[in-house]
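Here's the letter readout for the chains.
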Amino acid sequence: MDFSLSIHNNLFLSIGLVTVYSLLSSCENQNKAPIEPSQVIPILEQRDLVQFVDPMIGTAKMGHTYPGATAPFGSIQLSPDTDTIPYAVEGNYNPDVYKYCAGYQYDDSTIVGFSHTHFSGTGHSDLGDFLIMPTVGKLQLNPGTEADPDSGYRSTFSHNNEHAEAGYYSVLLEDYNIKAELTATTRVGMHQYTFPKSDQAHVILDLTSGIYNYEGKNVWTFLRVENDTLVTGYRQTNGWARTRKVYFAMTFNKPIESFGRNELSKQVYRGFWRKFDQTKNFPELAGEDLKVFFDFKTTDAEKLKIKFAISPVSTRGAIKNIQAEIPHWDFEKVKSETQQQWNTELNKVQIEPINKDEMINFYTAMYHAFLGPTVYMDVDGKYRGLDMDVHQAKDFVNYTSFSLWDTYRALHPLFNILQPKRNADMITSMLEHQKQSVHGMLPIWSHYANENWCMIGYHSVSVIADAIVKGNTGFDVDAAIAASVETASVPYYDGLDYYMNKGYVPEDKNGASVSKTLEYAYDDWAIAQAAKAVGDTAVYDAFIQRSENYKNVFDTTTGFMRPKLSDGSFKKEFDPMDTHGQGFIEGNSWNYSLYVPHQPDTLITMMGGKEAFVNRLDSLFTMELPDRYFANTEDISREGIIGNYVHGNEPSHHVVYLYNWTDSPWKSQDKIRMILKAMYKPAEDGLGGNDDFGQMSAWYIFSSLGFYPVAPGSPVYALGSPAIQDAKIQLENGKVFEVVVENQSEENVFVDKVTLNGKPLHTPFIKHSDIKQGGRLHFYMTSRPNKGWYKNH
């Protein structure tokens with residue numbers, strides 16, 4: 001044990017230390033946690049790859065990444081927040097809040113504090129729990145504003161005094177001359193603040209602060225000062241997740257001198273707590289909007305350290321997490337061990353790049369891809385479920401934060417190669433979610449024991465099918481297929497009753513109808529593939545028929561997918577360029593009409609054949625999309641657009657690979673390399689759109705390696721144009737799959753030929769089994785397209 005329980009200045013005589021001793025000692029007798037994914041004994045010699053990770057990439061503009069400290073797939077994301085933009089102003093949505101989905105914007109000049117939970121790259125948000133800010137001098141409990149930082153506890157900072165690495169972040173808080181350093185384990189954040197000499201040193205814990213905050217979002221906050229170094233409590237919020245409750249334990253490496261809280265708004269009923277002065281040195285605090293301060297005296301350059309754990313279950317669980325993960329006060333040891341974890345994960349792919357920039361891009365993409373989904377259970381395996389009950393994970397690690405509309409496309413397929421054990425546990429987590437759901441549905445977009453219903457489709461089924469088809473079945477396959485069928489059969493979910501009865505979603509009954517019809521059809525195909533893999537012909541027959549419903553929203557007169565009304569007619573007012581009110585979500589018909597990833601051959605025939613389809617794809621990349629067509633779609637920006645191709649949002653991510661189903665696969669190759677260059681740069685504003693919990697990064701990783709999963713649920717990958725000279729993929733089964741590229745250069749973007757294990761390939765595809773069994777994929781590059789290689793494939 002490392003918790004100091006000594007008594008100082010008689011402040012803590014009445015706290016009841018027997019309770020704390022009992023709580024700590026009982027930690028030794030709990031059930032052991034499920035074993036988290038072990039790392040295969042690597043065949044490849046480990047390299048120092050952490051040095052190439054730049055967490056600042058994507059922290060400006062649309063990337064929405066955070067620069068702070070976290071472990072791979074960690075529950076804690078300990079990171080600076082640079083402003084306190086409210087979700088609403090005078091009752092109306094405040095569009096400026098969108099910039100702060102990750103709490104941090106690179107162009108800001110002040111830091112409000114360091115909170116412990118963040119999403120990476122999302123286009124909507126929540127979290128920002130338990131903000132800590134060290135200060136000296138006059139105590140202020142209001143954060144102030146960026147225009148007038150002296151009006152609150154925030155501080156100015158400079159990027160010259162800021163540094164971020166995988167698992168580590170530091171910055172100088174200039175207004176207080178305090179150096180802040182952060183690191184983290186899976187469930188515990190560790191702070192190290194180097195203070196100047198001061199008799200007025202403070203640590204502020206703001207339980208009201210949060211991301212996408214609004215008045216009334218905090219349902220309740222609660223805090224106990226257990227002794228002179230240990231503080232516990234919880235925060236319950238009603239936001240994107242409407243019943244989210246997070247517990248914490250915080251411990252200091254030196255005794256607190258004194259503490260207190262802010263003045264709370266008066267309540268009609270105060271009970272008999274009114275007999276106490278709770279503003280100063282009162283050890284049990286509760287209210288909707290607590291802000292608490294802890295006072296210290298510091299010597300010059302003294303390092304004040306904090307360990308801060310979260311738990312989905314209890315303060316007891318949070319304390320156990322500290323015990324298990326950081327049973328000491330050695331900050332550098334925690335940093336080193338977490339960075340070693342990162343290095344192990346990054347070494348799953350070792351590349352030889354064309355230049356150093358690509359080394360930074362690639363390993364930062366790997367880093368971003370391994371930030372989530374996040375572990376959601378205590379070290380003893382307990383977690384809070386969708387039913388709000390406490391559950392015990394048995395033989396699996398429970399995960400949360402499933403941004404599935406984004407991540408089913410490439411991130412989870414990437415996990416089936418690089419993280420199959422984790423991906424199987426993620427699917428088991430989804431199945432537990434489905435059991436706990438009163439709707440009987442798999443996750444749509446879930447976090448912290450809440451379904452938030454964001455976006456469309458039921459893409460958990462794609463993740464499940466992709467794993468089944470690729471043989472990654474470390475979960476209950478029969479239960480997974482049954483859960484998929486049940487999820488796809490809930491009539492009151494988002495127009496699904498119309499879809500099942502009419503074969504399409506009518507725009508006059510349910511908005512974004514074309515996108516929903518197309519994505520439901522793909523998901524149905526994925527269910528059919530999973531059923532086919534296990535020989536369930538009844539499910540296969542039912543869902544393969546449903547998978548052709550995309551044909552019902554194709555308008556043969558215009559050649560576009562088009563919103564259809566409940567009477568069977570197409571909507572008259574229609575502009576295939578516009579992203580507003582045209583039946584599509586975060587996209588237009590030009591892009592979404594190409595969303596039939598499961599049956600591209602049929603789509604090509606519907607659009608006039610291979611030659612006409614190639615011309616259509618060519619036009620997509622060369623035509624102009626004027627700003628007016630996406631002005632009110634906040635998830636699309638000019639930075640993420642090439643012609644009319646929108647790479648900054650997910651529906652088009654497969655599109656460039658569709659050339660492989662024509663007689664001109666070579667036309668994909670220079671465009672892939674162009675997209676890699678245009679949309680991914682080693683700079684703060686280097687991402688062309690939201691990273692979306694690693695989906696944008698997963699596209700980069702796959703495309704850099706030279707292949708891509710166009711239709712998850714199929715074992716086939718489409719070949720492209722690799723942007724590396726060599727890559728070795730360390731598989732969990734102990735084998736290595738190598739991508740070798742001859743004649744690689746910035747100019748040689750076309751593929752002359754490809755061999756697999758020395759044998760020539762005559763089609764632009766490989767299978768998952770080719771990767772899984774290990775081997776060598778050999779590309780030969782040239783500056784001019786080889787138009788004849790793929791003929792008649």
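Preceding this section is the structure that the text describes.
First, a word on scope: everything that follows refers to the structure included in this document. (Residues numbered from 1 in each chain as written. Predicted model: local features only at pLDDT ≥ 70, side-chain atom pairs only at ≥ 80, totals over all residues. Heavy atoms only, no water.)

What follows deals with the side chain of Thr 579. By the element assignment, Thr 579 lies in the loop between strand S30 (560–561) and helix H13 (589–592). Its relative accessible area of 8% is what places Thr 579 among the buried residues. Polar side-chain contacts of Thr 579 include one of 3.5 Å to the side chain of His 580. Among the polar contacts made by the side chain of Thr 579, one reaches the side chain of Thr 633 at a distance of 2.8 Å. When residues no more than four places from it in sequence are discounted, the contact partners of Thr 579 are Phe 584, Gly 587, Asn 588, Tyr 629, Phe 630, Thr 633 and Ile 636. (Helix = DSSP H or I, 4+ residues; strand = E, 2+ residues; numbered from the N terminus. Buried < 20%, exposed > 50% of the residue type's maximum accessible area, 1.4 Å probe, protein only. Polar contact = N/O pair within 3.5 Å; in protein donor to acceptor, adjacent residues only side chain to side chain. Contact = heavy atoms within 4.5 Å.)

What follows is about the pattern of salt bridges. When the charged atoms of two side chains lie near each other, side chains of opposite charge can form a pair. By the definition in use, this model includes 32 salt bridges. A salt bridge links Glu 352 to Arg 47; the nearest nitrogen and oxygen atoms lie 2.9 Å apart. Note that Glu 352 is positioned in strand S21 (residues 349–353) and Arg 47 in the loop between helix H1 (17–26) and strand S1 (69–70), a separation of 305 residues in sequence. Using a relative accessible area of 34% as the deciding quantity, one classes Glu 352 as partly exposed. In this structure, Asp 466 engages Lys 470 in a salt bridge whose closest nitrogen and oxygen atoms are separated by 2.9 Å. For the pair Asp 466 and Lys 470, a shared accessibility class is recorded, and that class is buried. Taken together, the shared-partner salt bridges connect Asp 126, Asp 129, Lys 217, Arg 235 and Arg 244 into one network. (Salt bridge = Lys/Arg side-chain N within 4 Å of Asp/Glu carboxyl O.)

Looking now at the pairing of strand S11 (residues 178–184). For S11, a buried count of 6 out of 7 residues is recorded, marking the element as mostly surrounded by other parts of the structure. Summarising the sheet, S11 and strand S12 (residues 188–195) pair through 6 bridges and their orientation is antiparallel. Each residue of the ladder has a partner; that of Glu 181, found in S12, is Gln 192. Hairpin connection from S11 to S12: 3 residues lie between these consecutive antiparallel strands. (Pairing = 2+ DSSP bridges.)

Because the α-helix completes a turn every 3.6 residues, residues three or four places apart line up on one side. For helix H7 (residues 420–436), built from 17 residues, the straight-helix expectation of 24 Å at 1.5 Å per residue is met to within 8% by its first-to-last C-alpha distance of 24 Å. In terms of residue burial, H7 counts as a mostly covered element, since 15 of its 17 residues are buried. (Expected span 1.5 Å × (residues − 1).)

Turning to the environment of Asp 96, a few remarks are in order. Relative to the helices and strands, Asp 96 is located in the loop between strand S4 (92–93) and strand S5 (110–111). The partly exposed category is assigned to Asp 96, whose relative accessible area is 42%. Sequence separation between Asp 96 and Gly 210 is 114 residues, and the spatial gap between their C-alpha atoms is 15 Å.

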